[in-house]
Amino acid sequence: MAWPWGGSMTYSQMAAKFGWPSIIFSILLTPFALLWSKLIAFPVWLDIIYKHKPFYVLKSIYKYPEEKNFVKKNVYSGAVQHSIFPPMLDALNGFNCHADAEGGKWIESFFGFIHCMDMTTHDDRMIIEPNSMTVFPALVFIEYPQGTSGPGVHEHRVRFHFPIKGPNMLNPAMWVTLFIPLSGVMVFANMAIVRYFKKNGVSVHNTNMPKKEDPSFALEDGSIPFVPAFADSYGSIS
């Protein structure tokens, strides 16, 4: 277990994917970043007064016809990263991540700063939620079609929600803080991973501010079964 993030990864495994500079930088900065996040940017005391609802920001459909489960195996759970800059310069990639299914953690970095969230894994979905060590809180659903045949293993959907719908939307510190992960993901998607995805036939189709889905489709955990033929009809949780 690599402190302070937890999970099953060792420091050596994390260094292979995130690089030692990011690990050292993040360990030193984490106490201050958590204080900023929990008290100012996403104040826990305000959430006690008013429980903020998820704000649906983005829906992404990943398609990879050349290899089954390509993104999950090579990007989410792969032992190394495939962006244009090596782990020692990972901050320049904007974003990096690792799905630690064994340890139940989603570990991600933005411009070299690493934090973590809890991850619940099922055969057809991964649900990522904030925990006490989360600096940039989000609720993320990574959803795969059911079964192991047909088009399902060659595409999946990711739905991003930020728990900010409420009074905290008037907090300028929150928007300044959110700019870090949003810009990190943009750098990653538009520069750092483009060459690798293009080489392997991966395409990403994004929808900003998608419409809410029919609540009759939602499971108890808030996820939505992914049916590729009707993927565009799904939106956010309310």
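Report on the accompanying structure. (Residues numbered from 1 in each chain as written. Predicted model: local features only at pLDDT ≥ 70, side-chain atom pairs only at ≥ 80, totals over all residues. Heavy atoms only, no water.)

This brings us to the overall build of the protein. Tallying secondary structure elements over the protein gives six helices and eight strands in all. Put simply, the protein runs from its N terminus to its C terminus through helices and strands in the order α-α-α-β-α-β-β-β-β-β-β-α-α-β. Summarising its shape, the C-alpha atoms of the protein cover approximately 45 × 40 × 30 Å along the three principal directions. A buried classification covers 49% of the 238 residues belonging to the protein. Across the protein, every contact between residues at least 6 apart in sequence was considered, and the portion connecting residues at least 24 apart equals 61%. Element-wise, carbon and sulfur atoms account for 66% of the exposed surface of the protein, whose accessible area totals about 11700 Å². Both charge centroids of the protein, one from 19 positive and one from 18 negative side chains, sit 5 Å from each other. (Helix = DSSP H or I, 4+ residues; strand = E, 2+ residues; numbered from the N terminus. Buried < 20%, exposed > 50% of the residue type's maximum accessible area, 1.4 Å probe, protein only. Contact = heavy atoms within 4.5 Å. Areas by Shrake-Rupley, 256 points an atom, 1.4 Å probe, with all protein chains shown as cover. Lys, Arg positive; Asp, Glu negative; His and termini not counted. Charge placed at Lys NZ, Arg CZ, Asp CG, Glu CD.)

Next up on the list: helix α1 (residues 11–18). Within α1 the residues assigned to the buried category are Met 14, Ala 15, Lys 17 and Phe 18. Buried residues belonging to α1 abut α2 (20–41), α4 (70–76), β2 (95–100), β3 (105–110) and β4 (113–122). Where α1 ends, the next residue or the one after it, Gly 19, has phi of about 90°, a positive value.

Attention now goes to the pattern of salt bridges. One pass over the structure, following the stated rule, counts seven salt bridges. Between Arg 125 and Asp 124 there is a salt bridge, with the nearest N and O atoms lying 2.9 Å from each other. Residue Arg 125 shares its accessibility class with Asp 124, and that shared class is buried. Residues Arg 157 and Glu 143 are paired through a salt bridge, measuring 2.7 Å at the closest nitrogen-oxygen approach. (Salt bridge = Lys/Arg side-chain N within 4 Å of Asp/Glu carboxyl O.)

Across its 21 residues, helix α5 (residues 172–192) extends 29 Å between first and last C-alpha, which sits within 8% of the 30 Å expected from 1.5 Å per residue. Here α5 has its buried residues at Ala 173, Met 174, Thr 177, Leu 178, Pro 181, Ser 183, Gly 184, Phe 188 and Ala 192. Buried-residue contacts for α5 involve α2, β2, β3, β7 (155–165) and α6 (194–199). The residue sitting at the N-terminus of α5 and contributing the capping side-chain oxygen is Asn 171; that oxygen lies 3.0 Å from the backbone nitrogen of Ala 173. (Expected span 1.5 Å × (residues − 1). Polar contact = N/O pair within 3.5 Å; in protein donor to acceptor, adjacent residues only side chain to side chain.)

A few words on the side chain of Ser 183. Residue position: Ser 183 is located in helix α5. Of note is the side chain of Ser 183, whose polar atom sits 3.1 Å from the backbone oxygen of Ile 180.

Before going further, it helps to spend a moment on a nonpolar patch on the surface. Taken together, the side chains of Leu 35, Trp 36, Leu 39, Ile 40, Val 44, Trp 45, Ile 48, Ile 49 and Tyr 50 define a hydrophobic patch exposed on the protein surface, amounting to about 960 Å² of accessible area. When contributions to the nonpolar patch are tallied by element, the ones reaching two or more residues are α2 and α3 (44–49). Overall, Ile 48 belongs to the exposed group, its relative accessible area being 73%. (Patch = residues over 30% accessible without salt bridge, like charges linked within 9 Å, V, L, I, M, F, W, Y side chains within 5 Å.)

Take the environment of Lys 17 next. Within the element layout of this structure, Lys 17 appears in helix α1. Placed 63 residues apart in sequence, Lys 17 and Val 80 show a C-alpha to C-alpha distance of 4.5 Å. When residues no more than four places from it in sequence are discounted, the contact partners of Lys 17 are Val 75, Tyr 76, Ser 77, Gly 78, Ala 79, Val 80, Gln 81, Pro 87, Asp 90, Asn 96, Cys 97 and His 98. Side-chain polar atoms of Lys 17 contact the backbone oxygen of Val 75, separated by 2.8 Å. Within the local environment of Lys 17, its side chain forms a polar contact with the backbone oxygen of Cys 97, the two atoms lying 3.0 Å apart.

Let us now look at the side chain of Thr 177. Among the secondary structure elements, Thr 177 is positioned in helix α5. Classification of Thr 177 as buried rests on a relative accessible area of 5%. Within the structure, Thr 177 has its side chain in polar contact with the backbone oxygen of Ala 173 (distance 2.7 Å). Discounting chain neighbours no more than four positions away, the residues touching Thr 177 are Trp 36, Ala 41, Phe 42 and Phe 136.

Remember, this is a structural readout, not a statement about activity or role.
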